[in-house]
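Results of the structural survey
Here are the chains, one letter per residue:
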Amino acid sequence: MAHVSRRRSIGLAALLLTLVAVQQRGAAQVANTIYTDGDILTMRGDTAEYAESLAVKDGRILFVGPADDAKRHAGPSTKRVALSGKTLLPGFIDTHGHMVFFGKNLVDADLFGVKDIPDLIERMKKQAQRTPADGWIVGFGYQPRGMKESRTPTVEELDTIATDRPVLIVDRSGHLGAGNSAVFRAAGVSADTPDPQGGSFARKANGTSLLGPMEETALNAVRSKRPSFTGQLANDVITGAAKIWARHGHTTAMEAGLGLGNDDIEIVLNAIDKRLLPIDLYVAAKDSNIDDTVAAAYRVASQYNPAPDGTRRKLLADRPDLDKRYVNRVRLGGIKFWLDGSIDTAWFTQPYTTNPPGRSGSFSGYRQIPDEVLDTAFDTYWPTNLQIHMHMNGDAAADQALAAIGKAVNKHGMRDHRPVFVHASYLRPEQIEKIKSYGAVPSFLTASVVPGGDGVLKLWGNDRAAVAMPARTFLRMGLPFTFSHDAPVSPVPSILALVDAGVNRTAASGTVVGPDERIPPYAALRAVTALAAYQLKEEATKGTLEAGKLADLVILEKNPLKVEPSAIREIQVMETIKEGRTVFSR
Ligand SMILES: [Zn+2]
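Conventions used here
- Residues numbered from 1 in each chain as written.
- Predicted model: local features only at pLDDT ≥ 70, side-chain atom pairs only at ≥ 80, totals over all residues.
- Heavy atoms only, no water.
- Phe/Tyr/Trp six-rings, centres within 6.5 Å; stacked < 30°, edge-to-face > 60°.
- Buried < 20%, exposed > 50% of the residue type's maximum accessible area, 1.4 Å probe, protein only.
- Helix = DSSP H or I, 4+ residues; strand = E, 2+ residues; numbered from the N terminus.
- Axes fitted to C-alpha atoms, helices over the stretch in contact; angles between N-to-C directions.
- Left-handed = near helix turned anticlockwise from the far one by under 90°.
- Contact = heavy atoms within 4.5 Å.
- Nonpolar A, V, L, I, M, F, W, Y, C, P; charged D, E, K, R; others polar.
- Salt bridge = Lys/Arg side-chain N within 4 Å of Asp/Glu carboxyl O.
- Pairing = 2+ DSSP bridges.
- Polar contact = N/O pair within 3.5 Å; in protein donor to acceptor, adjacent residues only side chain to side chain.

In total, this model carries 12 aromatic pairs according to the counting rule given. Each ring, one from Phe 348 and one from Tyr 352, has its centre 5.4 Å from the other, and the planes form 80°; the classification is edge-to-face. Tyr 352 carries the same exposure label as Phe 348, and that label is buried. For the ring pair Phe 444 and Phe 481, a centre distance of 6.1 Å and an interplane angle of 35° mean the geometry is tilted. Taken together, the positions of Phe 444 in strand β20 (residues 441-444) and Phe 481 in the loop between α16 (471-476) and β21 (482-483) put the pair 37 residues apart, joining distant regions of the chain. As far as the burial class goes, Phe 444 and Phe 481 line up, both buried.

As structure tokens, this is what we get:
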């Protein structure tokens, strides 16, 4: 086993680490667990660095280094774990997912992979049988493009599932959906209801009745009327989803849109009060839900960790004790805005190469919110610790984000805010320069290349697809970027699938989408560990294996750096450890 490589000159940071190590050796603390005999990949630095052993004490990493030195920390009670050829890494960090939303879908019908409308109706009828009489019959995950009819079902078709009970279906992007007559009645929506800003209800040609499909904010308006998850159901949402996140190696999960459902805050408060979470959950409040979420966070913070006379703004700005901001594993870290749509409705400066189904003429997607809304948000939150996350796929949406940041910088000066460019699928070169100067971090949805790459090539054209999610460009420029699954947009929150997608960029058809933007496996692993911690502003406690950091660990069956790139996605997660405690084991 190679010793820790020392390629960098010894700077102040290295000196400090040495001092810490010396101090700990002097104290000779006894570890709870010592790992040896496998690849221990620290994820520090730009090239792979291995350590012979890792010791854990009281939920933190006590020591990383030579096996002989680790022996000093072994006592009679120390558990010794021989990795036996398996690979130990820092626990994976979710940089853009929807764990609460996912948890709710666990109780809904699974519509992933539906072939056609009859198949969808059939699955929804089964869902109707298992749904309580007062509940909505909800399904999630279909994709119009992937269905024989290449369209969304109509009110009449959905009425064949139930006429007296609300039926709602949501597509896999979460941006589009459709309902039956009863769901529109329950939501108080008719053909006379004006379209909300940033969304629309499809109407029949005569304009006097609803067609069924709805988009964006219109869908959200209906969805928000769904009855709340309470009691055991609320527990199941969190524990069910967290178990799946842990199975895929996450020690930190994200809900990047708390408030998509009107009971989201209650579900998370329930998880805090009952200590339901085995792993950390970083929460970003949905734009329309900021005030309610911040008020709830303030109540929680003052209940669990009283801040003397803290005003709301003070609470947001004065919490430099990064990891202590988690209360029973939940932390309010950001706010989420949606600037445009998905692959079919991304907001571009240039029209689509091939129009998405149902579009005609010159179509270049559309914005979701006025500039003023985003400008005001940056004016308010740029100087605070609450990060702004912005969903964007097209370059016009990125322009909107950069303009808002520019105004905040002019007024308040440069801050270490790290705004998150969620997906950032298509960026022009000069936009990347601005991202650099503002310290923004893109979280690329690499997972979408696999199911969606062929669609991106067709709709966006070769030029845009080739530089979609430009990880190699960011790597070359020395800029941070992360990878995310956006689950449930990806049906499974698999981190290794993201690593695979970043390394291989192979679409479902086998076509490599943008071969020049493929990155080496080590860089892809950094995007889900060290750089992911950086995006969350938690690099002081997470993301690399270093003494003093949290013992958030994942053990893989094989080393992703030592298998064929095409085999990365087949590697099994063997064990997930959160602060020294096993939360998943195969
Ligand atoms: Zn998302």
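Don't stop here, the text continues.
It is the contact of helix α13 (residues 395-412) with helix α14 (residues 429-438), at a shortest axis distance of 11 Å, that shows an interaxial angle of 35°. Here α13 and α14 pass one another in a crossing that is left-handed. Contact residues: Asp 395, Ala 398, Asp 399, Leu 402, Ile 405, Gly 406 and Val 409 in α13; Gln 431, Lys 434, Ile 435 and Tyr 438 in α14. Of the residues assigned to the contact of α13 with α14, the class counts are six nonpolar, two polar and three charged.

By the definition in use, this model includes 35 salt bridges. Between Glu 49 and Arg 44 there is a salt bridge, with the nearest N and O atoms lying 3.4 Å from each other. One salt bridge in this structure joins Glu 215 and Arg 359, with 3.3 Å as the shortest N-O distance. Here the residue Glu 215 occupies a position in strand β14 (residues 210-215), and Arg 359 occupies one in the loop between β17 (330-338) and α12 (371-381), the gap between them amounting to 144 residues. One network of salt bridges, in which partners are shared, links Asp 280, Arg 329, Arg 331, Glu 538, Lys 542, Asp 552, Lys 578 and Glu 579.

Next up on the list: the pairing of strand β5 (residues 60-65). As paired elements, strand β4 (residues 53-57) and β5 share five bridges and run antiparallel to each other. Bridging across to β5, Lys 57 finds its partner in Arg 60. Taking the residues that link successive antiparallel strands as the turn, the β4-β5 hairpin has two residues, and the phi of Asp 58 there is positive, at about 50°.

Moving on to the side chain of Asn 220. Among the structural elements, Asn 220 can be located in helix α7 (residues 216-223). Separated by 2.9 Å, the side chains of Asn 220 and Arg 223 make a polar contact. Beyond its immediate sequence surroundings of up to four residues, Asn 220 is in contact with Leu 260 and Lys 286.

The subject of this paragraph is the pairing of strand β18 (residues 387-392). The element β18 is extensively covered by neighbouring structure, given that six of its six residues are classed as buried. In β18, alternate side chains face the same way, and those of Gln 387, His 389 and His 391 on one face and Ile 388, Met 390 and Met 392 on the other are all buried. Sheet topology places β17 next to β18; five bridges connect them, and they run parallel. Pairing of Phe 337 across the sheet is with Met 390, part of β18.

Keep in mind these numbers describe shape, not what the thing actually does.
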